[in-house]
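# Commentary on secondary and tertiary structure
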Amino acid sequence: MDPVQYEGDRLRGWEVACPSRPSPLDGVVVAGFRDRAAAGLDMRVIPQPTVTVVIELGDDALAVDNTSGSRALRSLAAGLAPGEVRIRGQRVDCVELRMSPVSAYSLLGVSLSDLNGLVIGLDELWRHEPRLREQLTAAKEWEGRFALMDEFLTRRQASARSMDPEVVASWEHIVSRRGQVRVGDLALSCGWSRKRLWSRFTAQVGLTPKRAAMLVRFDRAVRGLSAGRGAAEVAVACGYADQSHLHRDVLAFAGCTPGALGPPPDTDTAAGSHW
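Residues numbered from 1 in each chain as written. Predicted model: local features only at pLDDT ≥ 70, side-chain atom pairs only at ≥ 80, totals over all residues. Heavy atoms only, no water.

Our focus in this paragraph is the overall build of the chain. Broken down by element type, the chain carries nine helices and 11 strands. Based on the C-alpha atoms only, the size of the chain along its principal axes is roughly 50 × 45 × 40 Å. When each of the 275 residues of the chain is scored for burial, the buried share is 48%. A sequence separation of at least 24 residues applies to 70% of the contacts in the chain between residues at least 6 apart. Surface exposure of the chain reaches about 13,000 Å², of which carbon and sulfur atoms provide 49%. Averaging the positions of the 34 positive and the 33 negative side-chain charges in the chain gives two centres separated by 6 Å. (Helix = DSSP H or I, 4+ residues; strand = E, 2+ residues; numbered from the N terminus. Buried < 20%, exposed > 50% of the residue type's maximum accessible area, 1.4 Å probe, protein only. Contact = heavy atoms within 4.5 Å. Areas by Shrake-Rupley, 256 points an atom, 1.4 Å probe, with all protein chains shown as cover. Lys, Arg positive; Asp, Glu negative; His and termini not counted. Charge placed at Lys NZ, Arg CZ, Asp CG, Glu CD.)

What follows is the structure, encoded as structure tokens:
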């Protein structure tokens, strides 16, 4: 299959590229985006149960707006719950990585608690980021760029630290249960006290176990809403007590109502609002 996949009407004017083979690293998904029609990017960032890294390769930096103001970044890393953030750009040409917290803990070289509620410049985490960006820009073709990312990440992983196995198991259990899990059951399954699980999980994942479960459930709800399903139906399917419970979670994580996360009337911008 051709590694460059065009999304047609859903992303008119945008080229969306996926590697012909998955990343050799567990918990890492790589993609490429290029604004062929110069339509520009103006997008709300919706929290996800992944750490997102974006390396912009075009001539212009990305404008990242949040409650603290606006920053121009050539590359960025967004934590699991970055708060209310918008990203704007012109003639975007970028490589995006989505990492599970387990992979991000190793590959970013920083405690994910340090990224909680933040979007920061990737050069603050990766000393060799400028050189990597130069190599990616020079490569031009997507497969060459993806190969460079794989090589870079594989080298980092070779000397990276690892999460506690108990924290990994707890995270995987939260994901497999789609966020519908009790913290006491997590502690019992890994043989830790609730206090120890709370402390170690929060330090390494960047969220408390309860907050992490809420985020995983919220992510599933966003996907349902984005697919055009009604809020009441999504609330039931995702295990919310009622529609108002879903409304509160959406407001807390995304700063908007469930209705704002439905299918956009205009699909000319890249990847919708769920980057």
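One full turn of an α-helix is made of 3.6 residues, so residues set three or four places apart face in the same direction. Every buried residue of helix H2 (residues 129-139) is listed here: Glu129, Leu132, Arg133 and Leu136. Looking straight down H2, one finds its buried side chains confined to an arc of 100°; they lie on one side. Packing partners of the buried residues in H2 comprise strand S5 (51-56), strand S8 (75-78) and helix H3 (142-158). Downstream of H2 by one or two residues, Lys140 has phi in the positive range, about 70°. (Arc of directions from axis to C-beta.)

These results come straight from atomic positions and should not be treated as a statement about function.
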